[in-house]
Amino acid sequence: MTFVDGAVTVRVPASSANLGPGFDALGLALSLHDTITAEVIDSGLEIHVTGEGQDGVPLDETHLVVEAMHAAFDLLGGRPSGLRLTCDNRVPHGRGLGSSAAAIVGGIVLARALVDGGDDLLDDAAAYQLSVDLEGHPDNVAAAFFGGLTIAWIDGAAAEVERLATDVEVTVFVPPAAVSTKKARGLLPETVPHADAARNAGRAALLVAALTGAPHRLISATEDWIHQGYRSEAMPDSYKLLRQLRVDGVPTIISGAGPTVLAFARGVADRAPSGWAAHELTVDQTGAEVVRDTV
Ligand code: HSE
């Protein structure tokens, strides 16, 4: 196994999981990206981070991108003698916009691109499987990896995905404070009423139709009964904004485990509470991609 000369850059999108009723299954890749560049060097590990997380992420082997790269190198045939990594982060951390999935998918695609013939040694199915194994949940990973609208599930141990095209436009409202996915998952009950599960399943099916050709159904299609309400105590301001926008007829959901709020609409950015950031975004149709090879 040999490594390519020079630096390789990968661009990987933010993603929104759940999308309301599609808990742990649906994902949407968004036009907000982390850009990661790496190069094999003689020895050592050099990590430079700008943007989101620049003052918080570890600059050693526990950096999430490095962990993912090492896992991929191990499957590809071996780790390099040294690595220089530069991360330009735009995906907010701890906000339900798939920053961990972006780091893991970005790291794996980057490691593969640093190896001669890497695409053959670790094809997309194997790279996606590794990404899901490292992340734990497939929903953000699927969107970050493949772009577009994704339906992800685990069959036995196998990570599966079906990708669909959508050109929906969204506004995301990002609050100033993070909520960890672990905390948000801890608020979920062991069981939900059968009636809630049944109507959620119906709305999740409707949501796929709404996002792929029936946008007038979005307000009904984004209703959820099995996770958003249970988590509202951890993100009361997000839940309040969600209810206000929905009352006004704007299809709105909590993005992933929160606390970001996502509206399937444009022209509503002025509804952001004080101190929040609002971004008008489109769907990333590509997923993680190598944007510059061996400069
Ligand atoms: N679907 C997950 C959750 C988050 O809502 O807990 C992303 O994997």
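Predicted model, so just to flag it, every value in this text is computed and none were measured.

Caption draft 1: Quick look at the overall build of the protein chain. From N to C terminus, the protein chain includes nine helices and 11 strands. Computed over the C-alpha atoms, the radius of gyration of the protein chain is 19 Å, within 12% of the 19 Å expected from 2.2 N^0.38 for a compact globule of 295 residues. Each principal axis of the C-alpha distribution contributes one length, and for the protein chain these read about 60 × 40 × 35 Å. In the protein chain, buried positions account for 49% of the 295 residues. Counting every atom, the protein chain has about 12300 Å² of accessible surface; 49% of that belongs to carbon and sulfur.

Caption draft 2: Looking closely at helix 5 (residues 138-146). Buried residues dominate helix 5, accounting for nine of its nine residues. Contacts made by the buried residues of helix 5 are with strand 1 (7-18), strand 2 (22-41), helix 2 (99-113), helix 4 (124-135), strand 5 (149-155) and strand 6 (158-164). Just downstream of helix 5 lies G147, where phi reads positive at about 75 degrees.

Caption draft 3: Representation of the domain arrangement of the protein chain in the model. We note that the domain assignment places domain 1 (7-165 + 284-292) and domain 2 (169-282) within the protein chain. On a C-alpha basis, the centroid separation for the pair domain 1 and domain 2 is 24 Å. Contact residues are listed per partner, giving 28 residues for domain 1 and 38 residues for domain 2. Carbon and sulfur atoms make up 65% of the area that domain 1 and domain 2 hide from each other, which totals about 2200 Å². When the buried area of domain 1 at its contact with domain 2 is split by residue, P21, F23 and R95 rank highest and sum to 30% of it. Our enumeration of links across domain 1 and domain 2 arrives at one salt bridge. Our enumeration of links across domain 1 and domain 2 arrives at 13 residue pairs in polar contact (both at pLDDT 80 or more). Elements represented by at least two residues in the side of domain 1 that touches domain 2 include exactly strand 1, strand 2 and strand 5. Tallied by class, residues from the side of domain 1 that touches domain 2 come to 15 nonpolar, 10 polar and three charged.

Caption draft 4: The arrangement of the pattern of salt bridges in detail. With the rule as written, the count across this model stands at 13 salt bridges. In this structure, the salt-bridge partner of D119 is R112, at a minimum N-O distance of 3.3 Å. The salt bridge involving R271 is made with D248; its shortest N-O contact spans 2.8 Å. In this pair, R271 is assigned in the loop between strand 9 (261-263) and strand 10 (277-281) and D248 in the loop between helix 9 (236-247) and strand 8 (252-254), connecting sequence segments 23 residues apart.

Caption draft 5: Highlighting the sheet that holds strand 8. If you trace the four strands from one edge of the open sheet to the other, you get 8-9-7-10, paired in antiparallel fashion. Every other strand in the sheet has two partners, leaving strand 8 and strand 10 as the edge strands with one partner each. Across the sheet, the axes of successive neighbouring strands diverge by a mean angle of 20 degrees, strand direction being ignored. The pairing of strand 7 (residues 170-174) with strand 9 spans three bridges and is antiparallel. The residue of strand 9 that forms the bridge with V172 is L262. Along the sheet, helix 9 contacts strand 7, strand 8 and strand 9; its crossing angle with strand 8, the most-contacted strand, is approximately 165 degrees.

Caption draft 6: Representation of the site of the ligand in the model. Around the ligand sit N18, F23, D24, H137, D139, N140, R185, R231, G256 and A257, and those are all the residues in its vicinity. Residue D139 places a side-chain N or O atom 2.6 Å away from a nitrogen atom belonging to the ligand. Considering the ligand on its own, with 260 Å² of exposed area, one finds that the protein chains cover 97% of that surface. Those elements that provide at least two residues to the shell around the ligand are strand 2 and helix 5. When residues of the shell around the ligand are assigned to domains, at least three fall in each of domain 1 (7-165 + 284-292) and domain 2 (169-282).

Caption draft 7: Summary view of unusual backbone geometry. Note the cis peptide between G258 and P259, where omega equals 5 degrees. Among the secondary structure elements, P259 is positioned in the loop between strand 8 and strand 9. A positive phi angle is found at N18, which is not glycine, with a value near 75 degrees. Locating N18 in the fold gives a position in strand 1. Look at D24: it is not a glycine, yet its phi comes out positive at around 65 degrees.

Caption draft 8: Spatial organisation of the nonpolar core. Core analysis: the biggest nonpolar cluster contains 44 residues, and M69, L85 and Y128 have the highest contact counts within it. Those elements giving two or more residues to this core turn out to be strand 1, strand 2, strand 3 (44-51), helix 1 (64-76), strand 4 (82-89), helix 2, helix 4 and helix 5. Non-local contacts of Y128, meaning those with residues more than four positions away in its chain, are made with P138, V141, A142, F145, F146, A152, A159, E160 and V161. If you look at the next biggest cluster of nonpolar residues, it comprises 23 residues, including V170, V172, I253 and L262.

Reading guide: rules and limits
Residues numbered from 1 in each chain as written. Predicted model: local features only at pLDDT ≥ 70, side-chain atom pairs only at ≥ 80, totals over all residues. Heavy atoms only, no water. Helix = DSSP H or I, 4+ residues; strand = E, 2+ residues; numbered from the N terminus. Rg over C-alpha atoms; globule rule 2.2 N^0.38 Å. Buried < 20%, exposed > 50% of the residue type's maximum accessible area, 1.4 Å probe, protein only. Areas by Shrake-Rupley, 256 points an atom, 1.4 Å probe, with all protein chains shown as cover. Contact = heavy atoms within 4.5 Å. Domains from an automatic or database assignment. Buried area = accessible area lost by both parts, 1.4 Å probe. Salt bridge = Lys/Arg side-chain N within 4 Å of Asp/Glu carboxyl O. Polar contact = N/O pair within 3.5 Å; in protein donor to acceptor, adjacent residues only side chain to side chain. Nonpolar A, V, L, I, M, F, W, Y, C, P; charged D, E, K, R; others polar. Pairing = 2+ DSSP bridges. Axes fitted to C-alpha atoms, helices over the stretch in contact; angles between N-to-C directions. Near = heavy atom within 4 Å. Core = buried A, V, L, I, M, F, W, Y, C linked by side-chain atoms within 4.5 Å.

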